[in-house]
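Survey of secondary and tertiary structure
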Amino acid sequence: MTGGAVILICLFFLLLPFGVKYYLISWLEENGADSAKIESLWFNPFTGRVTLGKLDVRRGGKSLLSHSDITLDIGIQALFQRDFRIESAKYENLVLDLEQYKDGRWRFGSYTVAGDERQEVKPKTELPDSTSWGVLADRVVLSKCRLKLKTAQYKVDFFIDHAELKKFTTHTGERAGKFVLTGSLNGAGIEIKLDTLKVAPQLEISGDVHVKEFDLDNLSLLLADALQSISGKVGVNGKLHLTAGDDVLVDYDGTITVTDPVVGNSAFSVQGGQLNWRGKTHYAGPAEGDMAVDLDGLLASENFSFQLPDGEFRLQEKKIGIEGKSKIRIGDDVRVESDASIHLQATDCLLPSLKISNDSLQWRGKVDYTTADSNKKLPAAFDGQIVLDGFSLFDGKGQTPMVAFENVTIDDLGGSDGRKLTIGSLAMTDFSTSVQGEMPLDISVAEVKLHQVENVDFKSLKAEELSVLQPVVQSTINGRTLVKAGEIRVTGIMGDLEKTGFSSRNIFLDGLVFLDAVSLEKGNLSSPAWAQDSGVSGETLSLENLLATINLDKKGELNINRQLQAMRQAPQETEGNTGEAAGVDKSDEPYPFILGKLELIGKNRLSFTDNTLAVPFTSELVLSKLELGRLDSTRPEQKTTLVLQGEFEGRAPLSVKGELFPFKPSPALDLDIELKNYPLTKLSSYTVQSVGTALAGGQLQLKTKLGLADEILNMQNDILLKKLETERISEELATELDNELPIPLDAALAMLRDSKDNISLDIPIEGPLSDLDVGISDILVTALGKAIVPAASSYLVYSLGPYAALAYVGMKVGEKMMQVELPPVNFELQEITLTPEHADYLKRIGQILKDRPKTDLQLCPVVASREFLSPEVIASEKKESIEVAEQDREKLLALGEQRATAVQDYLVKTFGVEKSRLLICDTKIDTGREAVPKVLLQL
């Protein structure tokens, strides 16, 4: 009986492989296979080895499941310990073909199951460790095996060239298994080397992963609903550590490379040459709480481009680099914390009518982004630096950028509380832009600096200082400079962004030059402000060391007008053009403008040249003071006071005082003007041109009452011509003037001269501004014509006879007795220094001027023609007069000027006499052999 049982058991194990073999063949053929073949199936119950040889399942002439050999060594002894132990397993040439049909059915090899079959998944009951089964694998080898998977969304061809599993167990507390694999996934090479492989108490994988050039096109069907195009090759090379239990933790340290990626749909398109990640990645997916992603590494891209359809928007980046640490938390809200730096190179951004080009952009700093508070103006808090190089903005119409700059560096850029934006400093270099229009201009700035900027809720703006260095405005047409400056600096800036208004403590201006005709050393506007509804205002505008050069060319056009006209484009006439710009506001109300005071300080000089004359007229006015009172365009009836003090030609004091009404519909003014000691020789260019007579000497004194109201001019001019000397230059013009006067000019002037050789004239000018056309000849004819009649009475008194002549002489003697004759200040030859004797004498003069505060003193220098000649040359001269050597004339005139200035300065500094009361005359040259150098003093 026992022997029979043994025989039966032996027969069972011998016949079992054959039964299993034929059952498998029959089952496979019944479940869809055209043919199924198993060359051999062996089982050794004593060693636990199972061998399946050369399986081949075919359908439609195609092999769906095949292998060369499968050898499995099962530890029989371990089965009694509730362990399924594979001591050794080897799979060779295994092919498994899986497919999901469109109706959802799945085919596993030749076996097909319905796609709508559903099985209730019952929760697993955890068994105590003492009763649970374990699976152990000492060594499992796969060689030349292939898995083919096909669905409507994707195709997978997974080839295992070689794979080996060692020391694998499902028991807790045992050492980890190891796994290596080389093969390919859809043709992309794969290498996996896991030093750790555990499944208990939770899944744990750790080791090296290498995927070479996986083609993203394999995902095109899977992602077709979202992306119409996806291509490129992905490579992975690094260390992976994964733990999956209640929580999922993934750590990756290595590289991920995407070559030639293309991703897009009908809404956008993204392309790139190469995308590369190198660094560490940590992912945590807890069962409860927020998902976390931590990144630490470098993300680099080359030749990246992003484009919207129809060319509405296109962004191209030659290089992108993002390097550093970032933390991402995703739960009910999303939060990102990052200190990664960003570097963009060669950016091109195309918009429908604009193009933006940028060489480089860099960000260094920290960013904290959250979606927790949707009410925040700023969804991110940040603190760092931005550096932008080589920026250009084009309008799409030409190759010249609308706006460009070489570099912008923003330091300490911060945002906090979702409300405040701050900038420690901003520096911009080589800024340029252009302005189109009737006068197209190119604007360039060497550097712009902005310090301590603060913006709160995008409602208010504060900045400590804005500095614009070396701004230049040039004409696009001819390249000439319109205006330039050394620096414009604005301090204490405040802005109200809701009401559209700005104010500051001061605006400083240094080194302004306008058309090479006007320059300003310094300017300062205190408390400037601008608002959309209230216009422009300021407290005090101070201009220091103003220099203006104004020229009339031979055609009578101002140099400034000529240069401006050359910068304008030729007007383009269009049909129906009435000469009025469309949309121009024709309101008579001036733009709101309020200025508390305007003042000129320092040394201010205005030079004027009139080239319309045969001999150009030149004049120079030095302004020592100019003050304009409050200017308010909103109150046109409010007067503006004017005080001006200056000096013509370095010797003729000018004073202007009065009131202006510049914002009335018809501007009005009321001024008192006084000019003293103006050298008449300066006016010869006009008198020669108009009446043919030069003014060879003398001084002009002028008092004018100037009024303007309702476009009616009223001028009352009291003119005093001191020591007037004339010389006929054009006989024709002089004769023409004589014919218009009651008597010839020379005779008229002789009658008009008083005992001091002075001539007084009263010249009123009155009438509408539009009719004003008064020339030199008109003034002379009118003034002299009216003055000759009373002057001739003195002449007739003298002509009446002895009694009348006696009365006339008595009258003149009386006048002489009332005059004060002052001794001159004599000098040694070539000397200009005042001696103690001079000081003693000038002390008396100073006292006289103090006692007579309304009296002026003329300082008239006289030089000797021999002052620069040697004694030998003087001795050789036999005449009583010594002619002036041409090379000495200018030196002699300057010498006389220096002596008069020395006297003037002494009286001003020592006795406090106003400089405007000390009038320096033209220097006279005395050719007498015994001439004494001196400064004449004339009250």
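Rules used in this analysis
- Residues numbered from 1 in each chain as written.
- Predicted model: local features only at pLDDT ≥ 70, side-chain atom pairs only at ≥ 80, totals over all residues.
- Heavy atoms only, no water.
- Patch = residues over 30% accessible without salt bridge, like charges linked within 9 Å, V, L, I, M, F, W, Y side chains within 5 Å.
- Areas by Shrake-Rupley, 256 points an atom, 1.4 Å probe, with all protein chains shown as cover.
- Salt bridge = Lys/Arg side-chain N within 4 Å of Asp/Glu carboxyl O.
- Lys, Arg positive; Asp, Glu negative; His and termini not counted.
- Charge placed at Lys NZ, Arg CZ, Asp CG, Glu CD.
- Helix = DSSP H or I, 4+ residues; strand = E, 2+ residues; numbered from the N terminus.
- Buried < 20%, exposed > 50% of the residue type's maximum accessible area, 1.4 Å probe, protein only.
- Contact = heavy atoms within 4.5 Å.
- Disulfide = S-S within 2.5 Å.
- Pairing = 2+ DSSP bridges.
- Phe/Tyr/Trp six-rings, centres within 6.5 Å; stacked < 30°, edge-to-face > 60°.
- Lys NZ or Arg CZ within 6 Å of the ring centre and 35° of its normal.
- Axes fitted to C-alpha atoms, helices over the stretch in contact; angles between N-to-C directions.
- Left-handed = near helix turned anticlockwise from the far one by under 90°.
- Nonpolar A, V, L, I, M, F, W, Y, C, P; charged D, E, K, R; others polar.
- Expected span 1.5 Å × (residues − 1).
- pLDDT = per-residue confidence, 0-100.
- Core = buried A, V, L, I, M, F, W, Y, C linked by side-chain atoms within 4.5 Å.

Per an unreviewed UniProt entry, the chain is named DUF748 domain-containing protein, and its organism is Desulfomarina profundi.

Our next topic: a negative patch on the surface. The grouping of Asp253, Asp296, Glu323 and Asp339 at the surface amounts to a negative patch. For Glu323, the location among the structural elements is in strand E18 (residues 314-330). The partly exposed category is assigned to Glu323, whose relative accessible area is 46%.

Take the side chain of Glu599 next. Among the structural elements, Glu599 can be located in strand E34 (residues 593-601). Look past the residues within four positions of Glu599 in its chain and what remains in contact with it is Thr540, Leu541, Ser542, Leu543, Leu626 and Glu627.

Here the focus is the state of the cysteines. In protein chemistry, a disulfide is the covalent bond that joins the sulfur atoms of two cysteines. With the rule as written, the count across this model stands at 1 disulfide. Between Cys860 and Cys921 runs a disulfide, and the two sulfur atoms are separated by 2.2 Å. Remark: Cys921 occurs in the loop between strand E46 (918-920) and strand E47 (924-926) and Cys860 occurs in strand E45 (residues 857-864); sequence separation between them is 61 residues.

Before going further, it helps to spend a moment on the pairing of strand E28 (residues 487-496). For a regular strand, side chains alternate in direction, first toward one face of the sheet and then toward the other. Taken together, the 9 bridges between strand E26 (residues 460-475) and E28 define a ladder with antiparallel strand orientation. Its bridge partner lying in E28, Lys462 is registered against Met494. Taken together, the 5 bridges between E28 and strand E30 (residues 506-514) define a ladder with antiparallel strand orientation. In the strand pairing of E30, Val490 is matched with Ile507. The pairing of E28 with strand E29 (residues 501-503) spans 3 bridges and is classified as antiparallel. The residue bridging Met494 from the neighbouring strand is Ser503, located in E29. The antiparallel pairing of E28 with E29 creates a hairpin that spans 4 residues between the two strands, and Thr500 there sits at a positive phi of about 55 degrees.

Here we come to the side chain of Asn559. Mapped onto the secondary structure, Asn559 falls in helix H3 (residues 559-566). Excluding residues within four positions of it along the chain, Asn559 makes contact with Ala517, Thr549, Ile550 and Asn551.

For the rest of this paragraph, the subject is the packing of aromatic side chains. Aromatic ring pairs: the centre-centre distance and the angle between the two ring planes describe each pair. One pass over the structure, following the stated rule, counts 6 aromatic pairs. The interplanar angle of 20 degrees and the centroid separation of 6.1 Å between the aromatic rings of Phe268 and Phe306 together place this pair among those described as stacked. One end of the pair, Phe268, is in the loop between strand E14 (248-264) and strand E15 (269-271); the other, Phe306, is in strand E17 (residues 291-307), with 38 residues separating them in the sequence. The class for Phe268 is partly exposed, based on a relative accessible area of 24%. Residues Phe648 and Tyr678 carry aromatic rings whose centres are separated by 5.6 Å and whose planes lie at 85 degrees to one another, so their mutual orientation is edge-to-face. Within this pair, whereas Phe648 is found in strand E38 (residues 640-648), its partner Tyr678 is found in strand E40 (residues 668-679), the two being separated by 30 residues in sequence. The aromatic ring of Phe394 is capped on one face by Lys355, whose charged end is 5.7 Å from the ring centroid. Cation over ring: Lys891 sits above Phe868, and NZ or CZ is 4.7 Å from the ring centre.

We now examine the packing of helix H9 (residues 836-851) against helix H11 (residues 886-911). At their nearest, the axes of H9 and H11 sit 10 Å apart, and the two run at 65 degrees to each other. The handedness of the crossing between H9 and H11 is right-handed. Residues Ala839, Leu842, Lys843, Ile845, Gly846, Leu849 and Lys850 of H9 pack against Val903, Tyr906, Leu907 and Phe911 of H11. Here the residues of the contact of H9 with H11 are counted per class, giving 8 nonpolar, 1 polar and 2 charged.

All right, on to H11 then. Because an α-helix packs 3.6 residues into every turn, residues spaced three or four apart end up facing the same way. In this model, H11 (26 residues) spans 39 Å end to end at C-alpha, consistent with the 38 Å of a helix rising 1.5 Å per residue. Residues of H11 that are buried: Asp888, Leu892, Leu895, Gly896, Arg899, Ala900, Ala902, Val903, Gln904, Leu907 and Phe911. Contacts from the buried residues of H11 go to H9, E45, E46, E47 and strand E48 (934-938). Of the residues one or two after H11, Gly912 is the one with positive phi, at around 70 degrees.

Taken together, the side chains of Phe458, Leu497, Phe502, Trp530, Val536, Tyr591 and Phe593 make up a nonpolar region of the molecular surface, amounting to roughly 600 Å² of accessible area. One can find Phe502 in strand E29. By relative accessible area, Phe502 is classed as partly exposed at 34%.

Looking at the chain, pLDDT values average 80 and 76% of them are 70 or higher. Contacts from residues 574-586, a stretch scored under 50 in pLDDT, to residues over four places away or in other chains number 2 contacts. Note that pLDDT drops below 50 for residues 783-820; the model gives that stretch 34 contacts with residues more than four away or on any other chain.

Before going further, it helps to spend a moment on the nonpolar core. In this structure, Leu675 and Leu721 are the most contacted members of the largest nonpolar core, which totals 39 residues. Sequence-distant contacts of Leu721, that is, excluding residues within four places in its chain, are made with Leu680, Gln699, Leu700, Asp757, Asn758, Ile759 and Leu761.

Turning our attention to unusual backbone geometry. For Asn186, which is not a glycine, the phi torsion comes out positive at approximately 50 degrees. The backbone of Asp412 sits at a positive phi, close to 55 degrees, despite the residue not being glycine. Relative to the elements of secondary structure, Asp412 occurs in strand E23 (residues 403-416). Judged by its relative accessible area of 54%, Asp412 falls in the exposed class.

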